[in-house]
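Residue-level structure breakdown
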Amino acid sequence: MSGIVRDPPAAPGSRTRAGTRPSARTRGVAGIDPGRLPGTGRSLAAPLLLGVAALLLWQGAVWLLEIEPFIVPGPLAIAGAFLENLRNVLDAAAVTGANAAIGLVVGGLLGVAAAVASAAAPVLDRLAAPMVVALSVIPIVALAPVLYTMYGADQQATRQIVAGIAVFIPVYVNSLRGFRQAAPVHRDLMRSYAAGTWQITRSVTLPSAVPYMFTGLRIASSLAVVSALIAEYFGGPVGGLGKSVTSAASSSNYTLAWAYVVGAVLLGLLFYAVTAGLEKYFSRHTARA
């Protein structure tokens, strides 16, 4: 005997090679193959179900406990106020969104530029580290009034600067780490092929840093909206979601105030979705694990 154990012969009509259809045991309910369900649908189903369940519990608690609107209104009342004042919510969101977008773009570009300089010259990194730490601990509630005094209460510049500072920190930290991910042996290999500095940066440094840069941008996208909204609480021109929330709350229209809060949530989700889409677009050639 040769000692080789052979597989039993396949039954007539069966197919055992890769690419065959799964057996009935591997199919789900009603013969549906779970592996064929869209990945996006599977990833969105659980959060949507959880959100619907939370809203139902919220509305049920408001009804059963008879909670007053000044404590917390129900989702149905908030949705009604949101739809009735949709135009005002959109106008306020446009003001806050414009300030947050300017802060996101300017702060992101400055963060990436500073990270490039710090990665090229370690002495700059050591000099910039204390300043970055100081910026990260400055409270917005203290910074906004000072900037309003400097630039005037009728200017949007304060809100944009506050958003830009909030964006700069995560973009700088994550980008700097990304620029340091390229192994020195890869740069040495490029130099052995007579590659210039720009060719090394384009072919080695940037590809390894792109995921880190977009990680910082995704974090900063929500921070830009939150920072611009908070800066609106402490003065500045009329307009914006922050001003609208305070105006509605001061007139005891708490349901309308919550409607503007919903507008702020949707604006933050929009910023996050746009940055996530850009990350997917620019990382489309990255090999999947």
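Keep in mind that what you see is a predicted model, and the values were worked out from it rather than measured.

Moving on: the overall build of the protein chain. For the protein chain, the helix and strand inventory stands at ten helices and zero strands. In the protein chain, 71% of the contacts between residues at least 6 apart in sequence involve partners at least 24 apart. By element, 68% of the accessible surface of the protein chain is carried by carbon and sulfur atoms, the whole surface being about 18400 Å².

Ala100, Leu104, Val167, Leu241, Tyr260 and Phe271 are the most contacted members of the largest nonpolar core, which has 25 residues in total. For this core, the element with the most residues is helix 10 (residues 254-282), which contributes seven residues. Ignoring any residue separated from it by four or fewer positions in sequence, one finds Ala100 in contact with Ala163, Ala224, Val225, Ala228 and Phe271. Counting ten residues, the second largest nonpolar core, distinct from the first, contains Ala115, Tyr172, Leu176 and Ala209.

Okay, the environment of Leu270 next. Its place among the elements puts Leu270 in helix 10. Residue classification places Leu270 among the partly exposed residues on the basis of a relative accessible area of 49%. Taking the C-alpha atoms as reference points, Leu270 and Ser221, 49 residues apart in sequence, are found 9.2 Å from one another.

The phi dihedral of Glu66 is positive, around 50°, even though this residue is not glycine. Of note, Glu66 is situated in the loop between helix 1 (39-65) and helix 2 (75-84). Even without glycine at this site, Ser252 takes up a positive phi of about 65°. Inspection of the secondary structure puts Ser252 in the loop between helix 9 (241-250) and helix 10.

Glancing now at the environment of Ala92. By the element assignment, Ala92 lies in helix 3 (residues 86-120). The exposure class assigned to Ala92 is buried, which follows from its relative accessible area of 5%. Placed 146 residues apart in sequence, Ala92 and Val238 show a C-alpha to C-alpha distance of 9.4 Å. Contact partners of Ala92, with chain neighbours within four places excluded, come to Gly240, Leu241, Ser244 and Tyr260.

So, about the UniProt feature "transmembrane region" (unreviewed entry) in the protein chain. Per the UniProt record, "transmembrane region" (unreviewed entry) is annotated on residues 70-86, 98-121, 127-151, 212-235 and 255-278. When the span residues 70-86 is considered, its composition is 65% helix and 0% strand, and the gap between its end C-alpha atoms is 21 Å. A distance of 35 Å separates the end C-alpha atoms of residues 212-235, which is 83% helix and 0% strand.

The subject of this paragraph is the side chain of Glu279. The residue Glu279 is located in helix 10 in this model. Of note is the side chain of Glu279, whose polar atom sits 2.5 Å from the side chain of Arg218. The contacts of Glu279, once residues within four sequence positions are left out, are Pro211, Phe214 and Arg218.

For the structure on display, the rule yields two aromatic pairs. Seen from their ring centres, Trp58 and Trp258 are 5.9 Å apart, and the 65° between their planes marks the pair as edge-to-face. Of this pair, Trp58 sits in helix 1 while Trp258 sits in helix 10, placing them 200 residues apart in sequence. Ring geometry for Phe168 against Tyr172: centres 5.7 Å apart, planes inclined by 15°, an arrangement best described as stacked. You can see Phe168 and its partner Tyr172 sitting in helix 6 (residues 157-179), four residues apart, about one turn around the helix. By relative accessible area, which is 4% here, Tyr172 ends up buried.

Definitions and cut-offs
- Residues numbered from 1 in each chain as written.
- Predicted model: local features only at pLDDT ≥ 70, side-chain atom pairs only at ≥ 80, totals over all residues.
- Heavy atoms only, no water.
- Helix = DSSP H or I, 4+ residues; strand = E, 2+ residues; numbered from the N terminus.
- Contact = heavy atoms within 4.5 Å.
- Areas by Shrake-Rupley, 256 points an atom, 1.4 Å probe, with all protein chains shown as cover.
- Core = buried A, V, L, I, M, F, W, Y, C linked by side-chain atoms within 4.5 Å.
- Buried < 20%, exposed > 50% of the residue type's maximum accessible area, 1.4 Å probe, protein only.
- UniProt positions renumbered as here; feature names shortened; annotations may be inferred.
- Polar contact = N/O pair within 3.5 Å; in protein donor to acceptor, adjacent residues only side chain to side chain.
- Phe/Tyr/Trp six-rings, centres within 6.5 Å; stacked < 30°, edge-to-face > 60°.

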